[in-house]
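# Commentary on secondary and tertiary structure
Given next are the chains, with one letter for each unit.
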Amino acid sequence: MTAPHSDTPPEHNHVIVIGGGHVGLSFALLLAHQGIYSTLLETVKYPTIAPDQDRERQSYLDSRNTALSRRSVQIYHEIGLWDELDSHACRIDKVLISELGSFGRATLDKQAENVESFGFVMENAWLGRVLLQAVKASPYIRLHDNTQVTTISQDDDMAHVTTISQDDDTGNGNIQLSAPLVVACDGQHSPARHMLGIGADSHDYGQVGIVGVVETDTPHKHVAIEKFSPAGPLAVLPLPDSADGKYRRSVVFICPKGDEHAYLHDDAHFLATLQQVFGTDAGQFVQAGRRGTYPLTKVLAHRQVVGRCVLMGNAAHTLHPVAGQGFNLCLRDAYALAKLLGENLQNAKSGKFGMTTPDFGNQARLLGYEQSRQTDQKRVIKFCDTIVGSFTSTNPVMKVARNVGLITFDKIPFIKPMVATYAMGLKS
Ligand SMILES: Cc1cc2nc3c(=O)[nH]c(=O)nc-3n(C[C@H](O)[C@H](O)[C@H](O)COP(=O)(O)OP(=O)(O)OC[C@H]3O[C@@H](n4cnc5c(N)ncnc54)[C@H](O)[C@@H]3O)c2cc1C
């Protein structure tokens, strides 16, 4: 259990955040940047990291990765974390898109699009570590890990949560906490969503994402390669070289549910399949690291705000990873809500609009937040659905259309900047 400050947060300037995944940790830090106190509750006990381990990389083939859009990088810059994150990130300068066994091919190039980059590939282990260290160091955040939220209730003035702690050291058992606002970032299966009686539409893609790191014999030159196959989309993304100069790439390999076992446990089969799919675009695949699997489901909550409670992150919308948009979208939501609450706090401090205390749980304001995020969320969801739908269709007419699409994509000037803008997360 980690509680960096012993003071009780001011009653009116306090948010309870449920779930300390990448979204919950980032949201608490964005709140802290606005001068807002939060209590962050996480079921899992975080591993203890010795200070001298901080800069040490894990095994060079042992990590999962996230493609961060340029907008996400800007957000981490703004809260002073990017320089540290950057040490384990790799820039994307070019994106090659093609379909397995077809002639169509499209390229996004940073020079042609006149942009600095299309984003960065970030090692998840490092992202989590940097976020957690920053949370632990923040005087605005009280962190309780090993603590599960079991109930949520609310009245006119406050929202209340009950937790159960597994931490024998503290002997806390059940504790009750209250704050004007509860934000649940508790993941795809979101217990909070059920506790709040919010329904969700769910679609099982019948696919599994296999994620891992591979070594190739050729440098990546900052190129991301996306290949569409009838089984699902596959991507090879650039990563920083290992400490001893080996060329590493992140792989997102999607296959029908049930087919994953052969790719998980047989390195030779996995590498041979990658070679067959990507040809020589990434050079020779020479070694594969540990792989993780993720069953792919789309989950869209029917509402994101109920009274003084907000759903955020995968709890609000879980997307297909095809375009690397899920976390980037969540981070933009988190940024927007933190900014809104920060303005509310500043107005109260300066007595603007006759306000003397902030009301973070103000219904109209929270519904305004939900409304304001609709355009960005709907656009990204549609973008992902369109890619998944069009590239997994086996209809021969669609196959021709896809080839024509990839060719015209390269020829029609306005399409590429539009897609690039989505990929960079700069449209919201
Ligand atoms: C294969 C794959 C590749 C992806 N690649 C990308 C990418 O390249 N770019 C991108 O933008 N996105 C990507 N995504 C999406 C991204 O991973 C998710 O959007 C992101 O991880 C969501 O984080 P989260 O914090 O909302 O949820 P989670 O990571 O699920 O965290 C939820 C947390 O809540 C805690 N919790 C649950 N219940 C309780 C409770 N009752 N009390 C307290 N705590 C609780 C859990 O222990 C957990 O730590 C990818 C997804 C997949 C599956």
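Residue positions are given per chain, counting from 1 as you read along its sequence in written order. In keeping with the predicted nature of the model, local features appear solely for residues at pLDDT of at least 70, side-chain atom pairs appear and are counted solely at 80 or more, and the whole-chain, interface and lining totals rest on all residues. Each side-chain value is derived from all of the structure's non-hydrogen atoms; neither hydrogens nor water enter the calculation.

## A word on the packing of helix α2 (residues 70–78) against helix α9 (residues 326–350)
- Fitted lines through C-alpha atoms give the axes, limited to the stretch in contact for helices. The angle between two N-to-C directions lies from 0 to 180 degrees. Runs of H or I in DSSP of at least four residues are treated as helices and runs of E of at least two as strands, each being numbered from the N terminus. In contact at an axis separation of 9 Å, α2 and α9 are set at 45° when each is read in the N-to-C sense. On the basis of their axis angle, the class for α2 and α9 is oblique. For α2 against α9, the interelement crossing comes out left-handed. Note on element contacts: α9 touches α2 through Phe327, Asn328, Leu331, Arg332 and Tyr335, opposite Arg71, Ser72, Ile75, Tyr76 and Glu78. Orientation categories follow fixed angle ranges, with anything under 35 degrees roughly parallel, anything over 145 roughly antiparallel, 65 to 115 roughly perpendicular, and all other angles oblique. In this scheme the handedness of a crossing depends on how the near helix is turned from the far one: anticlockwise by less than a right angle means left-handed, clockwise means right-handed. It only takes one pair of heavy atoms within 4.5 Å for two residues to be counted as in contact.

## Digging into the confidence of the model for the protein
- The pLDDT score gives, residue by residue, the confidence of the prediction method on a 0 to 100 scale. In this model, the protein carries a mean pLDDT of 86, and residues with pLDDT of at least 70 account for 83%.
- Counted against residues more than four places away or in other chains, residues 1–6, with its pLDDT under 50, gives 25 contacts.

## What about a negative patch on the surface?
- The grouping of Glu11, Asp155, Asp156 and Asp157 at the surface amounts to a negative patch.
- Examined against the element boundaries, Asp155 turns out to sit in the loop between β9 (147–154) and β10 (159–165). Residues form patches when they are more than 30% accessible in relative terms and have no salt bridge. Like charges link within 9 Å. Nonpolar side chains (Val, Leu, Ile, Met, Phe, Trp, Tyr) link within 5 Å. Areas reported here follow the Shrake-Rupley algorithm with a probe of radius 1.4 Å; residue values treat only the protein chains shown as occluding. We define a salt bridge as a side-chain nitrogen of Lys or Arg found within 4 Å of a carboxyl oxygen belonging to Asp or Glu. Under this rule, positive means Lys or Arg and negative means Asp or Glu; His and the chain ends count for nothing. Here the site of a charge means atom NZ of a Lys, CZ of an Arg, CG of an Asp or CD of a Glu.

## Quick word on the packing of aromatic side chains
- Pairing of aromatic rings covers Phe, Tyr and Trp, the last counted by its six-membered ring, and requires centre-to-centre distances within 6.5 Å; plane angles under 30 degrees mean stacked, over 60 mean edge-to-face, and any other angle means tilted. Summed over all chains, the structure comprises 5 aromatic pairs.
- A centroid spacing of 4.8 Å and a plane angle of 50° characterise the contact between Tyr37 and Tyr140, whose relative ring orientation is tilted. Placement of Tyr37 in strand β2 (residues 37–41) and of Tyr140 in the loop between α5 (124–137) and β8 (141–144) is noted, with a sequence separation of 103 residues between them.
- Owing to a relative accessible area of 24%, Tyr37 belongs among the partly exposed residues under this scheme. Partly exposed describes any residue whose relative accessible area lies between the buried limit of under 20% and the exposed limit of over 50%, with all areas from a 1.4 Å probe on protein chains only and scaled to the type maximum.

## Examining the sheet that holds β9
- Here we have 3 strands laid out as an open sheet, ordered β9-β10-β11, and antiparallel in their pairing. Of all the strands in the sheet, just β9 and β11 (174–179) have a single pairing partner and so form its edges. Across this sheet, the average inter-strand angle for adjacent strands is 25°, counted without regard to direction.
- At least two bridges found by DSSP between two strands is the condition for calling them paired. Sheet analysis places β10 next to β11, joined by 6 bridges and oriented antiparallel. Within the sheet, the bridge partner assigned to Thr163 lies in β11 and is Ile175.

## Overview of the side chain of Asn124
- Tracing the backbone shows Asn124 in helix α5.
- The buried category is assigned to Asn124, whose relative accessible area is 10%.

## Section: the site of the ligand
- Taken together, the neighbourhood of the ligand is formed by 28 residues, with Glu42, Ala67, Asn314, Phe327 and Asn328 sitting nearest.
- Identification of polar contacts relies on pairs of N or O atoms within 3.5 Å, with a donor-acceptor requirement for protein atoms, meaning one able to donate a hydrogen and the other able to accept it, and with residues adjacent in sequence counted only if both atoms are side-chain atoms. In the environment of the ligand, an oxygen atom lies 2.6 Å from a nitrogen or oxygen atom belonging to the side chain of Glu42.
- One nitrogen or oxygen atom from the side chain of Thr43 is found 3.1 Å from a nitrogen atom belonging to the ligand.
- Its free accessible area being 1000 Å², the ligand has 80% of it covered by the protein chains.
- Among the elements of the structure, α1 (22–33), β3 (65–68), β9 and α9 are those that each provide at least two residues to the shell around the ligand.
- Under this grouping Gly is polar, as are all residues other than the nonpolar Ala, Val, Leu, Ile, Met, Phe, Trp, Tyr, Cys and Pro and the charged Asp, Glu, Lys and Arg. Residues of the shell around the ligand, tallied by class, amount to 12 nonpolar, 14 polar and 2 charged. Residues are counted as near a molecule or strand when any one of their heavy atoms sits within 4 Å of it.

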